[in-house]
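# Structure at a glance
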Amino acid sequence: MSDELPKGWVTARISEIAETHSGGTPSTAKREYWDNGDVPWINSGALKDCVISQPSTYITKLGSQNSAAKLFPKNTVVIALTGATTGRVGMLYFACSANQSVTGIFPSEVFIPSYVFNFLRFARPQVLELAIGSAQPHINKRLVDDFEIPLAPIDEQQRIVAKLEALLGKVDGCQPRLAKVATLLKRFRQSILAAACSGRLTADWREEHDLDDEWPVEPLSEFFEMRNGKSLVATKRQEGKIPVYGGNGLMGTHNAANAEGLVIVIGRVGAQCGNVHYVTGKVWVTDNAISLQGKKELVPAFYAYFLRSLNLNTMSAGTGQPYVSQEILGPIETPVVSLAEQQEIVRRVAALFALADQLEMRLAQARGQVAKLTPALLARAFAGQLVPQNPKDE
């Protein structure tokens, strides 16, 4: 933001334009300060650069009276002093108390609360530059009091706030729509696998080649030689380019391999056991994963798709430490598909996944553009460029 203020604007420290107070936390050792409370209370974790419409919890009137957790009035702008949310702000839609990691900027006749709220959202990087400490950077009430705000005339503040609410509302509305697109793309990929591995994707191909529409099945163990991997802790790895796969997938590189060729790697233990990876060339498979290599001529990429479509994690055993094993995998009914059709399926899936990749790239670009809109709009607002100025406001 330019150091030169628009005509009619002034710079003021927060303490010059508003009353400020920090909160407090009643003693947790005294249940009478908390049980059946009816005084709203928030902690700094509730401050996420948005309005606050409900409390974190409630304290009792006795708890409020015996601590610094006094009520902040409705429309107080609150700012977090410590923790992961340091410098983040909120605006209270109701009277509420707060903990000691929150400072409240009370409403005043010289500013619109939403104006100060939005400015502090915009100015968070500047606030963080003032943070104290290295291990856990934080700010304090004095820094808040001394922080300077560019104040537009009150009527212009009102116009700025109204314009921001209209524009930021549209920006915020983009986020759930983009999230829906991400969900649809995930389902699209899942539906591709389901169609590919049920035969629906190549039903036309089989008809064209006068092949049976039904695939016979055999146990997975008839197709693949299965081996548990070998332990390789991080401290034993040597510098190299050979991928190392464990229970949760790729975990690093090494200079040696214990499997080579066209290899399917399945996570054996861990929260993500059953995840399926297809590796070409050399690979080290740890003892937390299982390698599958074809016993006969086949297209491993097709069977990797097939195994992914099964969501093997749902077949896991164990409670504290879920796992899949060769005993679980071996009996899985697996389709017997001609080599030519396997190749056709892999070709079609690759083409459809490439389309999904392109769409996900465009989605990521759209999300990036949307993410830039809010700071750009706020920058224009507090440079006096978002709404027309009116000389009568001065």
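Below or above, wherever it landed, is the structure these notes cover.

Rules and cut-offs
- Residues numbered from 1 in each chain as written.
- Predicted model: local features only at pLDDT ≥ 70, side-chain atom pairs only at ≥ 80, totals over all residues.
- Heavy atoms only, no water.
- Helix = DSSP H or I, 4+ residues; strand = E, 2+ residues; numbered from the N terminus.
- Expected span 1.5 Å × (residues − 1).
- Bend = angle between axes of the 7 residues up to and from the residue.
- Pairing = 2+ DSSP bridges.
- Axes fitted to C-alpha atoms, helices over the stretch in contact; angles between N-to-C directions.
- Contact = heavy atoms within 4.5 Å.
- Left-handed = near helix turned anticlockwise from the far one by under 90°.
- Nonpolar A, V, L, I, M, F, W, Y, C, P; charged D, E, K, R; others polar.
- Buried < 20%, exposed > 50% of the residue type's maximum accessible area, 1.4 Å probe, protein only.
- Disulfide = S-S within 2.5 Å.

### Some details on helix α10 (residues 339–381)
The terminal C-alpha atoms of α10, which comprises 43 residues, lie 63 Å apart, in line with the 63 Å expected from a rise of 1.5 Å per residue. Leu373 marks the point of greatest bend in α10, at about 25 degrees, and the proline Pro375 comes within the next four residues.

### Observations concerning the sheet that holds strand β9 (residues 102–105)
Ordered by their spatial adjacency, five strands build an open sheet running β2-β9-β6-β7-β4, and the pairing between neighbours is mixed. Two strands close off the open sheet at either side, each with one partner strand: β2 (20–22) and β4 (50–52). When the angles between neighbouring strand axes are averaged without regard to direction, this sheet yields 30 degrees. With three bridges connecting them, β2 and β9 associate as antiparallel partners.

### Points about the environment of Val346
Considering the arrangement of structural elements, one finds Val346 in helix α10. The spatial distance from the C-alpha of Val346 to the C-alpha of Thr25 is 61 Å, given a sequence separation of 321 residues. Discounting residues that sit within four places of it in the chain, Val346 has contacts with Val299, Ala301, Phe302 and Tyr305.

### Some thoughts on the packing of helix α6 (residues 154–198) against helix α8 (residues 300–309)
Taken N-terminus to C-terminus, the directions of α6 and α8 make an angle of 115 degrees; their axes are 9 Å apart at the nearest point. In this structure, α6 meets α8 at a crossing whose hand is left-handed. Residues Leu193, Ala196 and Cys197 of α6 form the contact with α8, whose own contacting residues are Phe302, Tyr305, Phe306, Arg308 and Ser309. Classifying every residue of the contact of α6 with α8 by side-chain character gives six nonpolar, one polar and one charged.

### Side note on the environment of Ala84
Summarising the element assignment, Ala84 is placed in the loop between β6 (77–80) and β7 (89–92). Overall, the relative accessible area of 77% leaves Ala84 in the exposed class. Placed 52 residues apart in sequence, Ala84 and Gln136 show a C-alpha to C-alpha distance of 9.0 Å.

### Examining the state of the cysteines
A full pass over the atoms with the stated rule returns zero disulfides. For the unlinked cysteine Cys50, the closest cysteine sulfur is that of Cys96, found at 13 Å.

### Looking at the environment of Asp146
Mapped onto the fold, Asp146 is located in helix α5 (residues 141–146). Under the relative-accessibility criterion, Asp146 is labelled partly exposed at 34%. Taking C-alpha positions, Asp146 is 30 Å from Val39, a pair spaced 107 residues apart along the chain.

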